Amino acid sequence: VRLMENASGGIERCTLQRNGYGVAVDNNARIYLKDSVLRDNDHAAFYAGWEAAMAVMEIHRCTVFGRVWHTADRPGQLSEGDNRMMSMHESDLDTDTDHYDASMAFHD
């Protein structure tokens, strides 16, 4: 999912799998993600473009298998909470969220 210019959208209870990036934002784009899984993406789950200083991304109660961010760049406004990061080899396990560590944040 790629949002640019003044685009906006929301993703809830979805699996984003086998993409270049799960979600990418640039310019003034706005997106929220809730209760979703991002896995098996080629580069990373999230990407903020070079012009994303005004972009807004909200990520809550999501699980990412593998690399979270493609670069050190982030949207101008980033809100996140209760997310889970899993390594790629754990993507083959069942997705029972009771054993995940919810204390891990998606930022460096």
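Going by the structure above, here's the rest.
Treat the numbers as computed from the prediction; the structure is a model and nothing was measured. (Residues numbered from 1 in each chain as written. Predicted model: local features only at pLDDT ≥ 70, side-chain atom pairs only at ≥ 80, totals over all residues. Heavy atoms only, no water.)

Participant: Help me understand the sheet that holds strand β5 (residues 30-34) in this model?
Facilitator: To summarise the sheet geometry, strands pair through backbone hydrogen bonds and adopt either a parallel or an antiparallel arrangement. Taking strand neighbours across the sheet as the criterion, the four strands line up as β2-β5-β8-β10 in an open arrangement whose pairing is parallel. The open sheet has two edge strands with one neighbour each: β2 (8-12) and β10 (77-81). Neighbour-to-neighbour, the strand axes of the sheet open up by a mean angle of 5°, direction not taken into account. Direction of pairing for β2 relative to β5: parallel, over a ladder of five bridges. By the bridge assignment for β5, S8 is matched with R30. (Pairing = 2+ DSSP bridges. Helix = DSSP H or I, 4+ residues; strand = E, 2+ residues; numbered from the N terminus. Axes fitted to C-alpha atoms, helices over the stretch in contact; angles between N-to-C directions.)

Participant: Is there a simple way to think about the pattern of salt bridges in this case?
Facilitator: If charged atoms from side chains of opposite charge come close, those side chains can pair. Enumeration according to the criterion identifies four salt bridges in this entry. Note that R13 is salt-bridged to E12, the shortest N-O span being 3.5 Å. You can call E12 partly exposed: its relative accessible area is 32%. Of the charged contacts, one joins R39 and D40 as a salt bridge, the two residues approaching to 3.5 Å between their closest N and O atoms. Look at R39 and you get buried, because its relative accessible area is 14%. (Salt bridge = Lys/Arg side-chain N within 4 Å of Asp/Glu carboxyl O. Buried < 20%, exposed > 50% of the residue type's maximum accessible area, 1.4 Å probe, protein only.)

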